[in-house]
2 protein chains.
Amino acid sequence: MTSTDAHPMWLPDAAFRPLGRRRVLVAAAPEDGPVAATVVDEVAAATAQFGGSVTTTTPDEPLTADEALTHEVVLAVVGSAGQVGTASARLAPPPGTVPRTDAYLPAVQATLDGALVLGRGAPWNPGMFTTVRRGGRTVVAAADAAGLLHGLHDLVRRGESAFTGPDDVSVDLPVNGIRMLDHWDNVDVHPVMGQVERGYSGGSIFYADGRVREDLSRVAAYARLLGSVGINAVAINNVNVARTEARLLTDGLPDVARIAALFRPHGIRVHLSVSFAAPMTVGGLPTSDPLDPDVQAWWAARVADVYAVVPDFGGFVVKADSEGQPGPFAYGRDQADGANLLARALKPFGGTVFWRAFVYDHKQDWRDRSTDRARAAFDHFSPLDGRFDDNVVLQVKYGPMDFQTREPVSPVIAAMPRTRLALELQVTQEYTGQQKHAVWLGPQWSQILGFPLWGEGGRTVADVAAGLCGPTDAPRAGLVAVSNVGDDAFWTGHPLAQANLYTFARLAWSPEIDPVAVLDEWIGLTFPDADDDVRATLHGILDDSWRTYEDYTAPLGVGFMVRPGHHYGPDVDGYEYTPWGTYHFADRDGIGVDRTRATGTGFTGQYPAPWRDVYEDVATCPDELLLFFHHVPWSHGLRSGVCVAQHVYDTHWEGAARTERNAEAWAAVAGKVPADLHARVTERLAEQVRSAHEWRDQLRTYVHRHSGLPDATGRTLY
Amino acid sequence: MTSTDAHPMWLPDAAFRPLGRRRVLVAAAPEDGPVAATVVDEVAAATAQFGGSVTTTTPDEPLTADEALTHEVVLAVVGSAGQVGTASARLAPPPGTVPRTDAYLPAVQATLDGALVLGRGAPWNPGMFTTVRRGGRTVVAAADAAGLLHGLHDLVRRGESAFTGPDDVSVDLPVNGIRMLDHWDNVDVHPVMGQVERGYSGGSIFYADGRVREDLSRVAAYARLLGSVGINAVAINNVNVARTEARLLTDGLPDVARIAALFRPHGIRVHLSVSFAAPMTVGGLPTSDPLDPDVQAWWAARVADVYAVVPDFGGFVVKADSEGQPGPFAYGRDQADGANLLARALKPFGGTVFWRAFVYDHKQDWRDRSTDRARAAFDHFSPLDGRFDDNVVLQVKYGPMDFQTREPVSPVIAAMPRTRLALELQVTQEYTGQQKHAVWLGPQWSQILGFPLWGEGGRTVADVAAGLCGPTDAPRAGLVAVSNVGDDAFWTGHPLAQANLYTFARLAWSPEIDPVAVLDEWIGLTFPDADDDVRATLHGILDDSWRTYEDYTAPLGVGFMVRPGHHYGPDVDGYEYTPWGTYHFADRDGIGVDRTRATGTGFTGQYPAPWRDVYEDVATCPDELLLFFHHVPWSHGLRSGVCVAQHVYDTHWEGAARTERNAEAWAAVAGKVPADLHARVTERLAEQVRSAHEWRDQLRTYVHRHSGLPDATGRTLY
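This is a predicted model, so every value here is computed, not measured.

What follows is about the UniProt feature "domain: Glycosyl hydrolase family 67 C-terminal" (unreviewed entry) in chain A. The sites that carry the UniProt feature "domain: Glycosyl hydrolase family 67 C-terminal" (unreviewed entry) are, in the present numbering, residues 492-715 of chain A. The annotated region residues 492-715 of chain A carries 49% helix and 2% strand content, and the separation between its end C-alpha atoms amounts to 37 Å.

With that settled, the discussion passes to the interface of chain A and chain B. Taken together, the 26 residues of chain A in the interface contact 26 residues of chain B. Buried surface at the junction of chain A and chain B, both sides included, amounts to about 2,400 Å², of which 44% is carbon and sulfur. In terms of surface lost to chain B, no three residues of chain A exceed Y577, R588 and R705 of chain A, which account for 34% of the buried area on that side. Counting every contact that joins chain A to chain B gives 6 salt bridges. Across the pair E694 of chain B and R367 of chain A runs a salt bridge whose closest N-O atoms are separated by 3.1 Å.

Let us look at the packing of aromatic side chains. Here the structure, examined in full by the defined rule, presents 63 aromatic pairs over all chains. Ring centres of F276 of chain A and W355 of chain A lie 6.0 Å apart, and the angle between their planes is 85°; on these two criteria the pair is classed as edge-to-face. With a gap of 79 residues between them, F276 of chain A in the loop between β13 (269-273) and α11 (278-281) and W355 of chain A in strand β15 (residues 352-356) connect regions that are remote in the sequence. For F276 of chain A, a relative accessible area of 1% gives the class buried. Its relative accessible area of 0% is what places W355 of chain A among the buried residues. Ring centres 5.3 Å apart and planes at 70° place the aromatic pair Y549 of chain A and Y552 of chain A in the edge-to-face group. Here Y549 of chain A pairs with Y552 of chain A, and both are found in helix α20 (residues 545-552), just 3 residues apart, close to one helical turn. Ring pairs connect the aromatic residues F451, F603, Y607, W611, Y615, F628 and F629 of chain A, which therefore count as one cluster. Over the aromatic face of Y718 of chain B sits the side chain of R367 of chain A, whose NZ or CZ is 5.8 Å from the ring centroid.

Our next topic: the environment of V485 of chain A. Residues and elements named next belong to chain A. Here V485 shows up in the loop between β18 (478-482) and α17 (498-509). The sequence separation of V485 and H183 amounts to 302 residues, and the corresponding C-alpha distance is 8.7 Å. Dropping the residues within four chain positions of it, V485 is found in contact with M9, H183, S201, I205, Y222, W491, T492 and L501.

Within this structure, the stated rule accounts for 91 salt bridges over all chains. The salt bridge partner of R680 of chain B is D488 of chain B, with a shortest N-O separation of 3.0 Å. Of this pair, R680 of chain B sits in helix α24 (residues 675-707) while D488 of chain B sits in the loop between β18 (478-482) and α17 (498-509), and the two are 192 residues apart along the sequence. Note on D488 of chain B: relative accessible area 11%, which makes it buried. Counted as one network, the salt bridges with shared partners bring together R21, R22, R23, E72 and E160 of chain A.

Residues and elements named next belong to chain A. Here helix α2 (residues 34-50) contains 17 residues, and its C-alpha end-to-end distance of 24 Å stays within 8% of the 24 Å for a straight helix at 1.5 Å per residue. Along α2, the residues that are buried comprise V35, A36, T38, V39, V40, E42, V43, A46, T47 and F50. Just beyond α2, the residue with positive phi is G51, at close to 95°.

Superposition record for chain A on chain B: RMSD 0.0 Å, screw rotation 180°, translation along axis 0.0 Å. A rotation of that kind, with that shift, is consistent with a two-fold axis. Interface overlap between copies is the fraction of interface residues in one copy that are interface residues in the other; for chain A against chain B it reaches 100%, indicating a shared surface.

Another aspect to go through is the state of the cysteines. This structure, assessed with the given rule, holds 0 disulfides over all chains. Note on C643 of chain B: no disulfide assigned, nearest cysteine sulfur contributed by C621 of chain B at a separation of 17 Å.

On to the pairing of strand β3 (residues 73-77) of chain B. Residues and elements named next belong to chain B. Counted residue by residue, β3 has 5 buried out of 5 residues, so it is predominantly covered. Here β3 shows two buried faces, one formed by V73, L75 and V77 and the other by V74 and A76. Relative to β3, strand β1 (residues 23-27) runs parallel, the two being bridged by 4 bridges. Residue L25 lies in a different strand from β3, and its bridge partner there is V74. Across 5 bridges, β3 lies against strand β5 (residues 137-142) in parallel orientation. Paired with L75 across the strands is V140, a residue of β5.

Strand order in the closed barrel made by the 8 strands is β7-β12-β13-β14-β15-β16-β17-β18 (chain A), with parallel pairing throughout. In this sheet, neighbouring strand axes are inclined to one another by 25° on average, regardless of whether the strands run parallel or antiparallel.

Cut-off values and rules
In every chain, residue numbers begin from 1 and rise along the written sequence. Here the convention is simple: chains get letters from A, ligands get numbers from 1, in the order in which they are written. The model is predicted, so local features are restricted to residues of pLDDT at least 70 and side-chain atom pairs to those at 80 or more, both for listing and for counting; the totals for chains, interfaces and linings are taken over all residues. Hydrogens and water are ignored here; the side-chain numbers use all heavy atoms of the structure. UniProt positions are given in the numbering used here, feature names are shortened, and annotations may be inferred rather than shown by experiment. Secondary structure is summarised from DSSP: a helix means a run of H or I of at least four residues, a strand means a run of E of at least two, and numbering begins at the N terminus for each. The contact criterion used is simple: two residues touch if any of their non-hydrogen atoms lie within 4.5 Å. Each of two parts loses accessible area, computed with a 1.4 Å probe, when they are put together; buried area is these two losses added. Salt bridge criterion: a side-chain nitrogen from Lys or Arg within 4 Å of a carboxyl oxygen from Asp or Glu. Between rings of Phe, Tyr and Trp, where Trp is taken as its six-membered ring, a pair exists when centres lie within 6.5 Å; planes separated by under 30 degrees are stacked, by over 60 edge-to-face, and by other angles tilted. Buried residues are those whose accessible area, probed at 1.4 Å on protein chains only, stays under 20% of the maximum for their type, while exposed residues exceed 50% and partly exposed ones sit between those limits. Whether a charge sits over a ring comes down to the Lys NZ or Arg CZ being within 6 Å of the ring centre and within 35 degrees of the ring normal. Here a helix's expected span is defined as the number of its residues, less one, multiplied by 1.5 Å. Least-squares fitting of one copy onto the other uses the C-alpha atoms of those residues that reach a pLDDT of at least 70 in both copies. Sulfur atoms of two cysteines make up a disulfide when they are within 2.5 Å. Strand pairing is defined by DSSP finding a minimum of two bridges between the two strands. Fitted lines through C-alpha atoms give the axes, limited to the stretch in contact for helices. The angle between two N-to-C directions lies from 0 to 180 degrees.

The following block contains the structure:
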C-alpha cells in the first residue's frame, strides 16, 4: 500500500479491509524471493492498518500444526505437484513426506489435489493458485510466489465474501503465459510524437528531460498495480527506436536495472524495444545483416551485458521493416532470419523476442486499387510458419489494419499453427477517443478473443494466443497491449480509462470471463464506497461505450476517417489521398473497399472457411464489416433494414445523443465520488459531447453531399 | 562587398565592375551619416577590386571645380531643393549661393532642376536621386545619403550602359514612403510553427538557441542586400508574440540595438512586433486597457527606453484580436483605440504603429453559411476611417482571406480614404509552394497593385498605398511584406525564390514597373555571367510560374485546398469542416461560395462600383474568381468555353505538364550556373513535379468523384 502523488487507480487501502482485520499466516518467507516479500509486505501493511495480525514463517522457526491452525487465513507457497517447496517444508512433515492427514493443514493438501483437477496433466502453471475455504479458515496455496501474489489479490478482489462464504475449493491460473504491456515511451521527446507516442496521459513515468527519471516512485506504484492483476511482462520503450533509446541497451543498462528492480517484486520481467540497425548505429559495425557472424556476435555480447545486470530480463520487442524502421529486408533476408538472430542471442539466458507482424508498404499510391494494406501481414508472414525459433513470439495486431474501432480479426492469427502468436491490443485509445472519450474496450477485446477462427464452436483467437489451436497445441504465447498510463494525476488522462488497463490485464489472465463482470470488479476496487447509483451510472456510461463510439465515428467497418497525424476527430477524406493505404473510395455513387476475391483485392481469400465465404458475399457479410469488404451504393440495403446513407444518418445522431445522456448521468453523481475525479470526468465527457456532435455533423453532411439522399427523419443536414 | 558563408543573392562583386574600373568622386563624407559611409565603402571596395579610383571630399579639404571635373563619375549629396547640403557645400560656392553656372559642376545644377520636374511641388522625397549623364561624365545627386545609396545601386543595376549611353537626365524616387519587410521569426522555437513561422529557408538569421545570435554577419549581409533595393524598414520578430519575444521590448533592448546598428548604415529602420497584452505579461499591470492611464504610461516609458538605445527606431507592428492574440476588444474598445494607444507613445519620437487589419473569427462554425470570413476586415475597420492617428498605418492583406494564390483585392483598400493604408504581401510562399515550388509572384503583385479600385482607368491599389487616392490625397504609406529569408545556404531555400524578395522591393519602390523587367534585372544581377540560354531558361521557368501554380492547385479563386496546419500539398476537404472560415461547399452538384448580395453573404456589397456589380453577376464575374463569389454547378460553362469540371481537368493536367517541361529546361543549363545552385534548383523542381502531379490527380479525382462528369479528353481519372 504505497502512496504516490497521483490519484490511485484500483487497490485503495479500503480494498484490503476484509483481509487486514483478520489473523493471517503467510508461509512465504523473503527467502522465497522478492515476490514473496511483496506478499508479506502487503499483508503486514493491511493488518497493521485494519487491526488484524500477520505471522510469517522463517526457516529457523517452523510452525507447528497447532500454530498454523490458529490463523483465519493462510497464504502458503507449497511447491509444485510432487514436490514440496521451501515454505511448505516449514509447515509440513520432513521433505519427501507429502502431507496427507486431513486434520493437518487440510488446505495444503487440497491445494495439491487442486493441481490435479486441471485435468490436462500439465505441470503447475506459473502463477497458478488454489483457494480453499473450509471450516471458517481460508487458505491460498500456490506453487510459486507469483501464484501466491495472485491469490492474495484474488482475495482482495473478492472482499469479505472471500472469508465468509460456504466451504469451497477453487483453482485459478492464467490462461496465457504472456501477459504483457508495451510502452511507446520515448526517452527524448520526439518532435512529432512527443514523450509518449500515442500517449494521452501526460509525460512518461519512466523518462523526463532526455533520461530515465531519478524519482521512479510512479513506476514502483505502477508495478504494484500491474502485479495485482497478473501482468508479468513490460517493454519500457517505444517500438520506434530512435538514437537515444537505442542506447538503453548499452549506456542505459544501469537505468534499465533500476527499473527492473522495481518490477521484479511484482513478478514482472522487463523488456526493451531494440532497433534492428543497432549493430551499426550503436555498435559501429558496417552491417546489420542477420547472417553476418560479427552481427551475431555483437548481439550475443549485448545480451550477455544485459543479463549481467538484469538476471531476469525478459527479452526484446522489435518493429522491423515497418514504417521506416530498419529490418532484415535490407539484406535480402526474411523476417524469420531477423527474429531468429535475436532469439539465438537470448536463448542461453531464457529471453524471448517479440517480433511484430505489422509490416506493410506505408508509401502506397492511392491511385492503385490493387494493392491492399490489409493483405500485407499475411502475405509477409504466413509463408514463414515453422521457421521461427521457439523463443520467438510473433506479435500480431488484432486486425489487418491498425487498431481501428472495428476491423475483422487478422487472418494471420489462423494461418500460423507452428508459430507462437501473441495477440496485440491497444489499451491506449489512439483510434478510439484518445482518453478524451469514455470508451471502454472490454467488449471489443472480448469479442475479438472469442472469435471462432474456423467457424462457430471452433477454436478462437484466445485459443491461438494461449497455444490451444491447430493440429497440435502450439507453444503458448499470450496477449500484449500498448499501455495507456503516463504521469497524469489520474494516470490515464480520462479517469475512466483506467478500466481499460484493468480489463486488459484480467482478460489476459482469463480471456473467457464476461467483460462486464470485470468492469464491475474494477468499479468495486476503484470506488469501494460507491453506492448502487454510482455503480449503475458507471455501467451506464461504459458498458456500451465502444458501440456508442462506433456509432458516431467511421461507419460499417470502413475505418480511418480521422485527422491525419494525430488521429483525433473527424476528417472523412483525411487519409483518402495519402500513401498510408487507408482508403474508403467514397464518391457520389457509393463507398467502401472491395476486398473480395471475385472483383476486389482478394483479401477475403486469406481467411479459412467459413469466413472466406461469409465475408466474400455481400449478402452474408455482417453489417458492421460491410464497408471493410465491399464497395456498395449509398442506397444499399443493410440487414438492419435501412440503407447505408440512412444508417449513417441514424447511428450518428443516436450515438451523439447518447454522449449527452452520459454527461447528464455523470452530473447526477456529483458528491458521490471524489470531487477532483468528478471534475476531470465531467470535463472529458463535455469534450466527448462536443466531438461526437462534430463527428455526427461531418459524417452526416459528407454522406449527404455525396449521395444526395435525404435523411428520412428530416433532421438537419448541412 | 562583404562576403558571407552563404551563397550570395544579387550583388555579386562582378556587378560592380563597370563602376569599379572608373575614377569616382564621392561627395558624401562620413559626416553625412552611416549611410554615406556605406556609399563610400561600397565605391572604395569596387574601385580597389577593379582598378578604378575613388576620391572623397571632407569638410577640411574642399574640392575645386577643376578637381571635381577630373572624375568620370560623381556621387553627391546636394541637399534638398532650396537648401544646400553638407556635401554640396564642399563642392559649391558658399552656402546661400545656389550654383547656376553650367560649367561649374553642371550635374549638380541639373539635379536641383530635376527636383523641380516632379511637378507636384513636393519636397524632395527621402531616397530620391537624379542621374545626369553629360559629356562622358555621370553624376548622381541626391538630397540625402539614402538617395545617394539608391543612386549608386541604380548605377550598379544599369551596368556599363550607365556610363556610356547618350547624354541623359533622369529622376528616380520611391513612390512609397514605406517599403518594409516583416519577419515572422521567433526567438524561441515554437512547438508547432518552429523558429520562423511560415519560414521555408531554415532557421532565423536573427535568433538561435532562444536568444539573439552572437554572430549577426548574415544580418549585416541581408541589410546590405535590402538597402541596395530600397527597403527602408524591417520588423524583426513574429506578429504572433510569445513570452520570450515580448521581452525584446525590455530585457532584449541591447540586442535590438545591435541589430539596428547593422541595418542603420543601409537606411533601414528596425521595428518590433509587440503584444497588446505586454503591460500585463511583461509589465505586471492588472490590465492592458488602452484607455487606462497606467497602461498609457507604461507604453510611454517602454518607448522612451527603446529610443534611448535605438534613436532611429521605426515603431511597432501589432496583430491584435486576431487568431488568439490579445487586443482592445477585451476591454470593449475598438481597434482605433488600440492603435492610437501605441501611436501616442511613439509620436514624440517619430515612430509609427503598423496595425494589422487581419481581424476575423477563427472559431467559426462550418455549418453556418451566413458568416463570411471575407467580410470581417471591412466590417471591423471601415467604420473607423478617420479615427486613426497620423502615425498609425493600417496594414491590410491584399485579399479578404489570407494570401491565397488568387483572391479579389480586399475591399478595405477602397474604403478608408482618411487612413494611411499599407498593402501587405507575402514574399514567403506560405500558400504558393513554400519555396519548394518555383513560383515567382511578381505578376500577382503587379496585378494587385494595378487593380483599378473604382473601375478601369481610375486609381489603383498602388495609388492608395502611396497615398494618391480618395477625395484628397491621403497620407502616404506603402508596401509591407513577409520576408522569405532564413539561414539556409541559399538564403531562401529555393534559390529562385530570391527573385520574389528582389521583385517585392523593386515594386515597393516603383509599383508600376513591368515585373518581367524586374525579373530580368534580378537575373542580370544574380547571374552576371549568364548567357542568353540561361536567361531564357530562367524566364521560361519563372515568367508564368504563378499562373502555372494556380493551374494545378485550387481552381477559379476558391482557395484553401491545402493540408491544414502546414498548408503544403493538396487536401481538397482539409479545411471544409474546420473553424477557420475557409470553405468551398463542394457536393455532388457543384462548388463555390455564394458571396452575392442577392442570395449569399453580401460580401460583393463591400466593393465600390463597378466591382460590386461585376462580381455580383455570375455572367460578368471573371472566371478566375468565379468560385470565390458564386456557388455553381460542375457543369456551369465558363467564359473560356468549358465547364467548371472540365476546366479543372484541363488546367491541372496542363499545369502539371508545365512543371515537367521546366525541370527538363533546367537540366539543360547544367554547367552554365554554379553547380551547387543547379543541384538545389534541380532537387526543388523535382519536388514541384511530384507535388504538381499529386495536386493534379487529387483535384481531378475529387471533381470526378463528386460530379460524375468524364474528362472529355479521356485522360485517366481515379
